[in-house]
Amino acid sequence: MSSALNYLRDEGVLKADPILDQVAAVSCGVCDGVPVLDLDYEEDSEAEADSNFVLTGSGQIVEVQATGEKRGFSRAEFDRLFSLAEIGCTELFALQKAALEAVRR
């Protein structure tokens, strides 16, 4: 628990650590038939399908939003987008942990 959270707990404002898990969000899409992680503006505006995934560090799904922009997309394409989202969120979780460790030093 961070020092600010420890302070709030010591003061009785918090009874327990409110941080239950990590959370991260990424966008994915199908551009020219290719699944892509972390769409930039141009890719997003031209995507055949796009999606947003919010995942937790323990592998839970918080939110999924997917839209066929120019065409529908297959289950296989969706599964590939979800796999890319897991890869991207895993990278973000590692960066979050590194940032917290740097703050604690």
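Trainee: Sorry if this is basic, but what is going on with a negative patch on the surface here?
Mentor: On the surface, a cluster of negative charge is contributed by D38, D40, E42, D44 and E69. In this structure, D40 sits in the loop between β2 (34-37) and α2 (41-46).

Trainee: Would you mind showing me how to read the sheet that holds strand β3 (residues 49-56) here?
Mentor: Within a sheet, adjacent strands bond to each other through the backbone by hydrogen bonds, running parallel or antiparallel. The sheet built from 4 strands is open, its strands ordered β2-β1-β3-β4 with antiparallel pairing. The open sheet terminates on both sides in strands that have one partner only, identified here as β2 and β4 (61-68). Looking at each pair of strands side by side, their axes are set apart by 15° on average, direction ignored. In this sheet, β4 lies alongside β3 in antiparallel orientation, the contact comprising 7 bridges.

Trainee: In this structure, what is going on with the nonpolar core? I would like to understand it.
Mentor: One broad trend across soluble globular proteins is that nonpolar side chains are buried collectively. Ranked by internal contacts, the top residues of the largest apolar core, which has 13 residues, are V26, C28, F53, L55, L81, A85 and C89. Contributing elements (two or more residues each) for this core: β1 (23-31), β3 and α3 (75-104). Ranked by the residues each element gives to this core, the list is headed by α3, at 6 residues. Non-local contacts of A85, meaning those with residues more than four positions away in its chain, are made with V26, C28, L37, F53 and L55.

Cut-offs used in this document
- Residues numbered from 1 in each chain as written.
- Predicted model: local features only at pLDDT ≥ 70, side-chain atom pairs only at ≥ 80, totals over all residues.
- Heavy atoms only, no water.
- Patch = residues over 30% accessible without salt bridge, like charges linked within 9 Å, V, L, I, M, F, W, Y side chains within 5 Å.
- Areas by Shrake-Rupley, 256 points an atom, 1.4 Å probe, with all protein chains shown as cover.
- Salt bridge = Lys/Arg side-chain N within 4 Å of Asp/Glu carboxyl O.
- Lys, Arg positive; Asp, Glu negative; His and termini not counted.
- Charge placed at Lys NZ, Arg CZ, Asp CG, Glu CD.
- Helix = DSSP H or I, 4+ residues; strand = E, 2+ residues; numbered from the N terminus.
- Pairing = 2+ DSSP bridges.
- Axes fitted to C-alpha atoms, helices over the stretch in contact; angles between N-to-C directions.
- Core = buried A, V, L, I, M, F, W, Y, C linked by side-chain atoms within 4.5 Å.
- Buried < 20%, exposed > 50% of the residue type's maximum accessible area, 1.4 Å probe, protein only.
- Contact = heavy atoms within 4.5 Å.

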